Amino acid sequence: MQTGAGTVGPRRLLKRIRDMMAASGSGQERLDRIVKIIAADMVAEVCSAYIMRPGEVLELFATEGLKQEAVHQTRLRVGEGIVGDIAAHARALALADAQSHPNFAYRPETGEEIFHSLMGVPLLRGGRVLGVLVVQNRTFRDYSEEEIETLQTIAMVLAELVSSGDLVSLDEIQRVEGTALLPARLEGLKLNQGLAIGRVVMHQPRVTVRQMVAENPDAELTRLQEALSGMHSALDDMLAASDLGEGETREILETYRMFAEDRGWLGRISEAIKSGLTAEGAVQKVQEDTRARMSQISDPYLRERLSDLDDLANRLLRHLIGDRTAARNADLPDDTVVVAHAMGPAELLDYDRRKLKAVVLEEGSPTSHVSIIARALDIPMVGRVRELLSQVEPLDTVVVDGDNGQIVLRPGEDVREMFAGTMRMRAERMVRLALLRDLPAVTRDGVQISLSLNAGLLIDLAHLEDTGADGVGLYRTEIPFMIRSAFPDVGEQIDIYRRVLDRAAGRPIIFRTLDIGGDKDLPYLPNGDDENPAMGWRAIRVALDRPLMLRQQLRAMLRAAAGRELSIMFPMVAEVSEFDAARALFELELARERRRGHAVPLRTRVGTMVEVPALFFQLPALLRRVDFVSVGSNDLMQFLYASDRGNPRLADRYDPLSPGALAFLAGLAQACTRADVPITLCGEMGGRPLEAMALVGLGYRSLSMPPAAIGPVKAMVRSVEIDELERYLRELIRSSRHSIRENLLSFARDHGITV
Ligand code: PEP
Ligand code: MG
C-alpha cells in the first residue's frame, strides 16, 4: 500500500492548482495540466475529470493515465458506472477494489482494466453536480479520509473552473442546470395554505466565491472571526426586531442563533482554512459537504439541523463578501415568490414582508422550522416540489396554491385569470367573515354552538382574538415537543403551558397529553420499528409504559395552571382501564403537589378522546368516570373504516358523511347527552361547514377546529335551523348509500344554509 497526498500536503497542491487556473491557455489546456499535477501529487497513476453535459451525461474531459483517445469519447450516464454513481448520489467513494463494485462499468477505450483502486468525488456547486474527479491506482490502495478530504477540496476549486464557462459555455452550464419554458403544473406538499401569484426570485442567487485559495491562513482566520461576530450581532438585531413575539417561533430562531456558535461547524471551517482555502472558500467547502450529507439523510430531524447549518453558511458567506440584505430587498419585485431548494427559518425573515407573497421549496415538511415560521407569518408555502430548481427561471410568473399543494409555472392567461378571480373572491369572503367575528355562533332557532380552535404553538393562540373562538378545544402538546432538539424537562414544560394559559387569558383550554407515535415521531425518542405506526406504540400506550414521562407532563400542567382551571385529556384511549390508569397518575400527581405545599389549580377536569371505536362499546362505564369527551374524528374514521388517514389513494374512498360513520357519531352524542357529559368533536371534520352542519344535526353543540375554519363554520351555524335538519338526518343515516354528501348539500341549498 502506498501513502499518498499526506506526504505533500494539501496547501502546496492547492497553491499549484490555483497558479495553474490563473495561467494562460484555454480552459481545456489548464484542465489537462491540472489532472497531471493532481495525479503526481496524490501518487496516483490516473487522474481524470468528467464534466456534466446536457442530458445528465458525464463526459471524460481530461485524463492523466487513461488512454488519451477516450477523452471526449467516453460518456457515462448519471447513475452508470462508479463515476455515474458518485454523480447520482453527490458523494465521495473510495474503493480499494473498484472492479468488484456492483456498479463497475468497463469502458474498453479507456484501458482502465489494469487499475484496481479508485477514489472519486463530485464537483459540486450550489448543491448541483457539475462533474466528477477521479484518481485511480494499479494496486489495491486504501485511500485515507485525509486523501478524500484533499480531493474534495481540489474538486471545489475545479468546480470554479467548470462554472467559469472556460470549459463548456455558460449557456450550456445553464442547460445542464435545466430549463423548461413551457407552462408546468408541479405537485408538492401543502406547508401553509393560501394562494398567491407572483414572480420567481431564486433564493439568494448563489453567493459567488471568487477567491478560493489563500496565502495567509492566519489572516483568513481573522477574517472569519470578524465575519462571525458581524453575523452574530446581525442575528441578535434580527431577533430583537422580529415581530414574532414570545413563544416557539422565537425559540426556533434562538436555537438557530445557538447554531451559529456550533463548535464542530466552526472547527471544520477553521480546518479548511488551515488547509489553504480562503475564509469564504472554507465556508463554502463545509457547506458543500453539508449539502451532500443532506441529500443522503432521510431523518427529518437531522435534515432540519443540517439545513439550519446551510442557512448559516450562506449568511456567513454574505458577511465575508459584504453582500447586504437591505440592498437585495430593494431589488425585489413587489410580488416576489421565493423559490429555493431548502430554506432556514431566519432566511425567511430576511425578505421584505410587504414584497414576499409565497415560498416554494424542493424540500420542507410541515414540521420544518421554515414552515412553522411561514404559518406564523401567514405566507402561502408549498414544499417537496420535485425537480423544482431545474424547471424555474428567475422572474417566471408562478401561481402558488398552498391549499392544494401545487404550483403552476408560467401559467397561460386563462389560468392566471382563474386564480386571480379565486383570490379576489377569497379576499371578499375574508372581509365578510371578519364581520362575523363578534357575532354569536347561534343557530336560527336559538341554539348556541361553541366553536373553539385547535392549537399546538403559542402563535396559534393569536387566532383566539381574530376568530372570536370560545377557547382552545384541543391543544396538541406534542407539537412544541416536536420542534425541540431534546425532551423538555418539567421546568421547560411549565413554561410552555403557563405561556399558553396566559395567552388564552381565561378562555378555556383543553390540553391533550403527548400523542407521539403514528405520524408524530419525536426526533429524540425513537419509536422503534412499528410496522404499522398508527396502530402501534403511540399516545396513551407510550404514556402508560413510560409513566414517569406522563407524570412529569401532568406535574408541569398542574404547576402551570396553579390558581386557574385545568382541563386535560388523553389520546387514543381504547379501554376504560387505560383511562383509569392515566387518571390515577393524574390524581397521584395532584395529591403530591398538595402534599408538597404547591399551589394547585382551582378546578381540574379530566377527559378522554374517543378515537378508537372499541371505546364506544364501553360507554356506560366510561361516561361515569370522565368529565368530558372529545371525538378525534381523524383517527376515528381511519379505524372505523380501516383506512389509513395519510394514504392519498384512500383519501376519498370513504366519506365521513356516510350512514355508518354518522350513525356512530350520533350514538356517541346521544349517550353523552343522556349521561350529561359534555362532548366536543376536535377532528378536521368539525372545521368543514357541511360536515359541521351534519354534526350539529346529530346533536353536537361544541366543535373545535383549525383557526381558519371558525369563520366559515360560524356562517353555517348562523344560517341553519336545527329542527328540520335533525329529522332529515335521522332518515338519511338509515339509508344504505355510500355517502349522503349530495343530499346534505341539496338540503343546505334548499334551506339557504351557508356551507
Ligand atoms: C384526531 O385524531 O381527530 C385528532 C384530533 O388528533 P390528531 O389529529 O392529533 O391525531
Ligand atoms: Mg388523533
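**Q** So, the sheet that holds strand S13 (residues 397-401): which residues are in play, and what are the values?
**A** Within the open sheet, the 8 strands sit side by side as S7-S14-S13-S9-S10-S11-S12-S8. Their pairing is mixed. Two strands in the sheet have a free side with no partner beyond their single neighbour: strand S7 (184-187) and strand S8 (189-192). Going from strand to strand, the sheet's axes swing by 30° on average, the running direction of each strand aside. As paired strands, S13 and strand S14 (residues 406-409) are joined by 4 bridges and run antiparallel to one another. Residue pairing in the sheet places Val398 in a bridge with Leu409 of S14. This element, helix H13 (residues 369-377), spans S8, strand S11 (356-361) and strand S12 (381-383) of the sheet and lies at about 55° to S8.

**Q** Summarise the nonpolar core; cite the residues concerned and give the values.
**A** Counting 98 residues, the largest nonpolar core has Phe511, Phe570, Leu665, Met693 and Tyr700 as the members making the most contacts within it. Other than its neighbours up to four places away in sequence, Leu665 contacts Val631, Leu636, Met637, Leu681, Met685, Leu695, Leu698 and Tyr700. In this structure, Ile37, Ala44, Ala155 and Ile373 belong to the second largest nonpolar core, which totals 87 residues.

**Q** Go over the environment of Ala666 with me, naming the residues and quoting the values.
**A** When you line up the elements, Ala666 lands in helix H23 (residues 659-675). Of the residues examined, Ala666 reaches a relative accessible area of 6% and is grouped as buried. Taking the C-alpha atoms as reference, Ala666 lies 9.3 Å from Arg730; in sequence the two are 64 residues apart.

**Q** Break down the coordination of the magnesium ion (ligand 2) for me, with residues and values.
**A** With distances of 2.0 to 2.1 Å, the protein atoms coordinating the magnesium ion (ligand 2) are Glu611 (OE) and Asp635 (OD). With Glu611 in the loop between strand S19 (603-610) and helix H21 (619-625) and Asp635 in helix H22 (residues 633-640), this residue pair connects regions lying 24 residues apart in the sequence. Given a relative accessible area of 2%, Glu611 falls into the buried group.

**Q** Any details on the packing of aromatic side chains? Residues and values, ideally.
**A** Summed over the entire model, instances satisfying the criterion amount to 8 aromatic pairs. Seen in terms of ring centroids, Phe481 and Phe487 are 5.1 Å apart; in terms of plane orientation they differ by 80°. Their pairing is edge-to-face. Centroid distance Tyr497 to Phe511: 5.4 Å. Interplanar angle 65°. Geometry classified as edge-to-face. With Tyr497 in helix H17 (residues 490-504) and Phe511 in strand S17 (residues 509-512), this residue pair connects regions lying 14 residues apart in the sequence.

**Q** Explain the sheet that holds strand S4 (residues 93-95) to me, and be specific about the residues and the numbers.
**A** Strand order in the open sheet formed by 6 strands is S3-S2-S1-S6-S5-S4, and the pairing between neighbours is antiparallel. The two strands at the open ends of the sheet, each matched to only one other strand, are strand S3 (75-77) and S4. When strand polarity is set aside, the average angle formed by the axes of neighbouring strands in this sheet is 25°. Where strand S1 (residues 46-53) lies against strand S6 (residues 128-137), 6 bridges are found, and the strand directions are antiparallel. Considered in S6, the bridge of Ile51 is made with Gly131. Packed on one face of the sheet, helix H2 (residues 27-41) meets S1, strand S2 (57-64) and S6 and runs near 65° to S2. Running at roughly 45° to strand S5 (residues 117-125), helix H4 (residues 145-163) makes contact with S1, S4, S5 and S6 of the sheet.

**Q** Give a detailed account of the state of the cysteines, specifying residues and quantitative values.
**A** Under the criterion given, the structure shown has 0 disulfides. Summary of cysteine pairing: Cys682 is not part of a disulfide, and the nearest cysteine sulfur, belonging to Cys672, is at 13 Å.

Thresholds applied
- Residues numbered from 1 in each chain as written.
- Chains lettered and ligands numbered in written order.
- Predicted model: local features only at pLDDT ≥ 70, side-chain atom pairs only at ≥ 80, totals over all residues.
- Heavy atoms only, no water.
- Pairing = 2+ DSSP bridges.
- Helix = DSSP H or I, 4+ residues; strand = E, 2+ residues; numbered from the N terminus.
- Axes fitted to C-alpha atoms, helices over the stretch in contact; angles between N-to-C directions.
- Contact = heavy atoms within 4.5 Å.
- Core = buried A, V, L, I, M, F, W, Y, C linked by side-chain atoms within 4.5 Å.
- Buried < 20%, exposed > 50% of the residue type's maximum accessible area, 1.4 Å probe, protein only.
- Donors = N, O, S within 2.8 Å, 3.2 Å for Na, K, Ca; no water.
- Phe/Tyr/Trp six-rings, centres within 6.5 Å; stacked < 30°, edge-to-face > 60°.
- Disulfide = S-S within 2.5 Å.

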